[in-house]
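Residue-level structure breakdown
Listed below are the residues making up each chain.
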Amino acid sequence: MQNIEMAWIFTELADLLEIKGEDVYKIRAYRRAAEVLANLEVPVKELSRQRLLSKVPGVGKAIEAKIEEILQTGQLSKHQELLKEIPRGVLTIKELPGIGPSRARKLYQELGVKSLDELELAAKERKIRDLKGFSAKLEWDILNGIDMVRNRQGRTRLSVARELAAEFISFIKLLPGVKQVDMTGSTRRWKETVGDLDLLAAAEEPAYPLDALATHPRVKEVIERQSNRIRVYTWWGLSVDLQVVPPEEYIPTLHRNTGCKEHYAKLQEIAQDKGLTLNHHGLTKGCGEEVLALQNENDIYHALGMSYIPPELRENRGEVEAALKDDLPNLIEVSDIKGDLHIHTTWSDSALELSEVANYCRNKGYAYAAITDHSRSLKIANGLEVSRLLEQHQIIREMNKEFEDFTLLTGVEMDILPNGDLDYPDELLEQMDVVIGSVHTAFKQSKKEITQRIMKAMENEHVDIIAHLTGRILGRRESYAVDVEALIETAAKTGTILEINSSPDRLDINEDYARLARDMGVKISINTDAHDTRRLDEIIYGVAVARRAWLEPHDVVNTYDLEELREVLR
DNA sequence: GCCGTTTTCGGCCCGACTGTTTTCAGTCG
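Residues numbered from 1 in each chain as written. Chains lettered and ligands numbered in written order. Predicted model: local features only at pLDDT ≥ 70, side-chain atom pairs only at ≥ 80, totals over all residues. Heavy atoms only, no water.

Moving on, we come to the sheet that holds strand S17 (residues 524-527). Paired through their backbone hydrogen bonds, the strands of a sheet run either parallel or antiparallel. The strand order across the open sheet formed by 7 strands is S11-S12-S13-S14-S15-S16-S17, and the pairing between neighbours is parallel. Of all strands in the sheet, those bounded by a partner on one side alone are strand S11 (339-343) and S17. Across 2 bridges, the pairing between strand S14 (residues 434-438) and strand S15 (residues 465-466) is parallel. Looking at S15, one finds that Ile-436 is bridged to Ile-465. Its contacts with the sheet put helix H17 (residues 354-363) on S11, strand S12 (368-371) and strand S13 (407-415), and the angle it makes with S12 is roughly 155°. Relative to S13, helix H25 (residues 562-569) is tilted by about 30°, and along the sheet it contacts S11, S12, S13, S14 and strand S16 (497-501). (Pairing = 2+ DSSP bridges. Helix = DSSP H or I, 4+ residues; strand = E, 2+ residues; numbered from the N terminus. Contact = heavy atoms within 4.5 Å. Axes fitted to C-alpha atoms, helices over the stretch in contact; angles between N-to-C directions.)

Note on soluble globular proteins: their nonpolar side chains tend to be buried together. Among the nonpolar cores identified, the biggest contains 90 residues, and Leu-199, Leu-408, Ile-454, Leu-498 and Ile-526 are the most heavily contacted of them. The dominant element in this core, judged by the number of residues it contributes, is helix H10 (residues 158-173), at 7 residues. Looking at which domains feed residues into this core, each of domain 2 (156-245) and domain 4 (334-569) supplies at least three. If we ignore the near neighbours within four places in the chain, the residues touching Leu-408 are Leu-354, Val-357, Ala-358, Ala-369, Ile-371, Ile-396, Met-399, Asn-400 and Phe-403. In this structure, Leu-83, Leu-107, Leu-138 and Ile-146 belong to the second largest nonpolar core, which totals 46 residues. (Core = buried A, V, L, I, M, F, W, Y, C linked by side-chain atoms within 4.5 Å. Buried < 20%, exposed > 50% of the residue type's maximum accessible area, 1.4 Å probe, protein only. Domains from an automatic or database assignment.)

What follows covers the packing of helix H21 (residues 484-494) against helix H22 (residues 511-519). The packing of two helices is summarised by the inter-axis angle and the distance between the axes. Relative orientation of the contacting elements H21 and H22 amounts to 35°, with a least axis distance of 10 Å. For H21 against H22, the interelement crossing comes out right-handed. When H21 is examined against H22, the residues Val-484, Glu-485 and Ile-488 are found in contact with a partner set consisting of Tyr-513, Leu-516 and Ala-517. Across the contact of H21 with H22, the residue classes break down as 5 nonpolar, no polar and 1 charged. (Left-handed = near helix turned anticlockwise from the far one by under 90°. Nonpolar A, V, L, I, M, F, W, Y, C, P; charged D, E, K, R; others polar.)

Tallied over the entire structure, the rule returns 5 aromatic pairs. Relative to Tyr-30, the ring of Phe-10 lies with its centre 6.1 Å away and its plane at 15°, an arrangement referred to as stacked. Of this pair, Phe-10 sits in helix H1 (residues 3-20) while Tyr-30 sits in helix H2 (residues 24-39), and the two are 20 residues apart along the sequence. Tyr-30 matches Phe-10 in its accessibility class, with the two residues each being buried. (Phe/Tyr/Trp six-rings, centres within 6.5 Å; stacked < 30°, edge-to-face > 60°.)

What the 5 strands build is an open sheet, ordered S2-S4-S7-S6-S5; its pairing is mixed. The open sheet terminates on both sides in strands that have one partner only, identified here as strand S2 (178-183) and strand S5 (219-225). The mean angle between the axes of side-by-side strands here comes to 20°, regardless of whether they run parallel or antiparallel. Sheet topology places strand S4 (residues 197-203) next to strand S7 (residues 239-245); 6 bridges connect them, and they run parallel. Within S7, the position partnered with Ala-202 by the bridge is Val-245. Along the sheet face, helix H12 (residues 207-214) touches S2, S5, strand S6 (229-234) and S7 and points at about 140° away from the line of S5.

Next up on the list: the packing of H1 against helix H4 (residues 61-73). Closest axis-to-axis distance for the H1/H4 pair is 11 Å, and the angle between their directions is 125°. The angle between the axes of H1 and H4 places the two elements in the oblique class. When the axes of H1 and H4 are compared, the crossing they make is right-handed. On the side of H1, the interface is formed by Met-6, Ile-9 and Phe-10, while H4 contributes Ile-63, Lys-66, Ile-67, Ile-70 and Leu-71. Each residue belonging to the contact of H1 with H4 can be placed in one class, and the counts come to 7 nonpolar, no polar and 1 charged. (Parallel < 35°, antiparallel > 145°, perpendicular 65-115°, else oblique.)

A large share of S16 lies buried, amounting to 5 of its 5 residues. The two faces of S16 match: Ile-497, Glu-499 and Asn-501 on one face and Leu-498 and Ile-500 on the other face are all buried. Read from S15 through H21 to S16, the crossover connection turns out right-handed. Considered for its hand, the β-α-β crossover made up of S16, H22 and S17 is right-handed. (Right-handed = clockwise from strand over helix to strand, strands pointing away.)

What follows is the structure, encoded as structure tokens:
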């Protein structure tokens, strides 16, 4: 039993109790325990063995007993009982926008609705609008919400796919006879969401790796099996395809499977023009008699007379033409990042202490990191009143005296209020190193209102960066209505930096807008918006968006040295 | 359900928006 699976049981328990209308604090306690368990470095089993469970914050007598029960029996009786009472489908319904625990319960109790399909039918038959607490509009919202959730169901966030991929790869790599293994497809291209996970291995004898994957603990069931490939379904809800090829076909197959299709087709055409054939056997001359030796993918591109194209660019968006002219961008790398400009601490709603941020970022090799807690109007996140903000900045300045090679920057993530006013006066903003403006309220304003609201913030000379510009949460919340093109134009005029938020469920702005911003001369900042240490490492996903947007280091302000950065922020 | 302590129980992130029940429950960030 892994910590994450244990955490998942407690999360679902909390969800079920919420639908039953149990005490909100009890529910919050389970959620908190789940969060803590998921982030523990040590296996829960080990803590139990050493009788240290009660030392874990958020774990008291009751939860400790439940953990022990799960460790011994593999499940939790209270959880199982609740599942008999409330079908899992009701939990899915609770995820719809506008539907919370109370309405989900009502739909189940009064209409017997326990799946999205049944809910859709009930909505189409107009049975929902007459329930107390519902309306015709909500019925309509439900149908839209179902569409959104269905679209999401086919897609998995990149971070989940890559973490699973890493685990499977390190597992398969150790199997006897396996020479090489890697991910391919959209996961390798770092697309923001993926349909399934494609893996490729090189081995003379395919049966062994295929058997091993079929029995891996993360695998729920085998969907399909052929002599050299297997398709399995994981507990994470993501399908995984593993193909095994002979070692000599590994590189050409890796290249072909990475795609995208249009990119590969274009390369095949170019090969043909040169009297070559490109397919999963490799590159061949004439009628297939002479096979060119390929050490890596680089050799394929060179043989076709072009420079190497990294997986992130293989989307048929002009990369082939650019590579033929040796005119590809000098893409930004994770190692170019010199600091993170959007981090929260315990002063507002994060688990990170100021000193933790400093230590972790220094160890990452950063030269600087900006502390940007929430501003005063965001009460739920414990936003900082002016006096606390000033106090925090004083402490940061004191801390900086201790560092030689590192600087904590003072800052704030300041709410842009519904009327476009800022949450703090100019006199305060001008004292800070980094001022981020962002929208956390009144998402339902009209496109014109939100656009003008953000424009107004951009026009304030003290606002340096706009964070998560569209407000989208992948698969959960559409972006608010906003004219992004117009805002990019404004940012170009005002010199405002736009954020690529690295959080895998945001990735906001997305690659298309990032590329447009670059084309219009707008600078970008790649930030994590981290609330705990683990999330400080999510910068890789923001960098991936930047790479897919063809960004170079000079497009991104947090690749700059501190002095250069200060110049831009001034 | 956890925590801290005042060691036995009260406090635990708050306030705005929505749609309509026109006074508030439900949802959201």
